[in-house]
Amino acid sequence: MPKKYRIVVLISGRGSNLQAIVEACLSGIINGAVCAVISSNQNALGLERAAKFNIPNSFIAKNTNEQKKNYDKHLCEVVRTYQPDLIVLAGYMKILNADFISMFRDKIVNIHPSLLPKYPGLNTHLRAINAKDKKSGATVHFVTEELDGGPIIMQGSVPIFSNDSSEQLSRRVLEIEHKMLVTAISLICAEKIKKRKDTIYFENKKLSKKGISFNHLMEQR
Ligand code: GAR
């Protein structure tokens, strides 16, 4: 087994994905440890979850013009002190700047609540319902300068039922998110997933643009 991965998690809110990651690290499903949680929102429930696990946690303010101007630089400095092998955006609702992304190139992954490339950005569940899509889901991908556009590691889908509200769909998607994010991170930390340039390899085989199908993976288990 490779060395234990040092994982920094960036959040903005509830932190249910963070909780799933921490529990999977503690139970040994993920070969890693969450060494810090950083939030863009002072009142994020995720900060309380981190504190309960005694994980160093902090909030980086972005109120004054000076703080706004220096936000990414400050974030970079704070993240760097933890020497992460992997940075996970788990409900992080800010756009990272190019300097941050190039500083941690190939080490940042994001979970997005849609089947990318469909519906990058916000309000994904409502957009899928309004488009009368039959399914939705979530995507784990490497972060590049293109918003929600980096190479896809894994996608998992759930059905959309007629009369679904955005909240109902979001709950169904979140359930799959927790399992899928843990699975993707566990494969990365076991060094079974590698990124070279824009291509992802899973157990040394080139992945298609859609990444690993989480549903298929679950059927095989
Ligand atoms: C999750 O649904 C995640 O996919 C989404 O925010 C939620 C966070 O929930 N992320 C984005 O929309 C990023 N663009 P959580 O705080 O309970 O993990």
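Coordinates for the structure precede this section.
One structure accompanies this document, and this report is about it. (Residues numbered from 1 in each chain as written. Predicted model: local features only at pLDDT ≥ 70, side-chain atom pairs only at ≥ 80, totals over all residues. Heavy atoms only, no water.)

### So, the overall build of the chain
When you go through the chain residue by residue, the secondary structure sums to seven helices and 11 strands. Its C-alpha atoms give the chain a radius of gyration of 17 Å, near enough to 17 Å, the size a compact globule of 221 residues would have. Dimensions of the chain, computed from C-alpha atoms along their principal axes, come out at roughly 45 × 40 × 35 Å. Looking at the chain as a whole, 50% of its 221 residues qualify as buried. (Helix = DSSP H or I, 4+ residues; strand = E, 2+ residues; numbered from the N terminus. Rg over C-alpha atoms; globule rule 2.2 N^0.38 Å. Buried < 20%, exposed > 50% of the residue type's maximum accessible area, 1.4 Å probe, protein only.)

### A word on the environment of G150
With respect to the helices and strands, G150 occurs in the loop between β6 (135-142) and β7 (152-159). The class of G150 is buried, set by a relative accessible area of 6%. G150 sits 26 residues away from T124 along the chain, and the two C-alpha atoms are 17 Å apart. Not counting residues within four places of it along the chain, the set of residues in contact with G150 comprises H141, F142 and T144. (Contact = heavy atoms within 4.5 Å.)

### With respect to unusual backbone geometry
Glycine aside, residues mostly have negative phi, and peptide bonds are mostly found in the trans state. Cis geometry is found at the peptide bond from L116 to P117, where omega equals 15 degrees. Relative to the elements of secondary structure, P117 occurs in the loop between β5 (108-112) and α5 (124-130). Backbone geometry places E191, a non-glycine residue, at a positive phi of 60 degrees. Topologically, E191 is positioned in the loop between α6 (166-189) and β8 (193-196). Since its relative accessible area comes to 35%, E191 is described here as partly exposed. For K197, which is not glycine, the phi dihedral falls at a positive 50 degrees. You can see K197 is positioned in the loop between β8 and β9 (199-202). Relative accessible area serves as the criterion here: at 75%, K197 is assigned to the exposed category.

### Brief notes about the site of the ligand
Inspection of the region around the ligand gives R14, G15, S16, N17, G91, M93, I111, H112, P113, L174 and E177 as its neighbouring residues. In the model, an oxygen atom of the ligand is placed 2.9 Å from a nitrogen or oxygen of the N17 main chain. In the model, an oxygen atom of the ligand is placed 2.8 Å from a nitrogen or oxygen of the E177 side chain. Coverage of the ligand by the protein amounts to 88% of the 450 Å² it exposes when considered alone. Listed by contribution, the elements that provide at least two residues to the shell around the ligand are α1 (16-26), β5 and α6. Its residues assigned to classes, the shell around the ligand shows four nonpolar, five polar and two charged. (Near = heavy atom within 4 Å. Polar contact = N/O pair within 3.5 Å; in protein donor to acceptor, adjacent residues only side chain to side chain. Areas by Shrake-Rupley, 256 points an atom, 1.4 Å probe, with all protein chains shown as cover. Nonpolar A, V, L, I, M, F, W, Y, C, P; charged D, E, K, R; others polar.)

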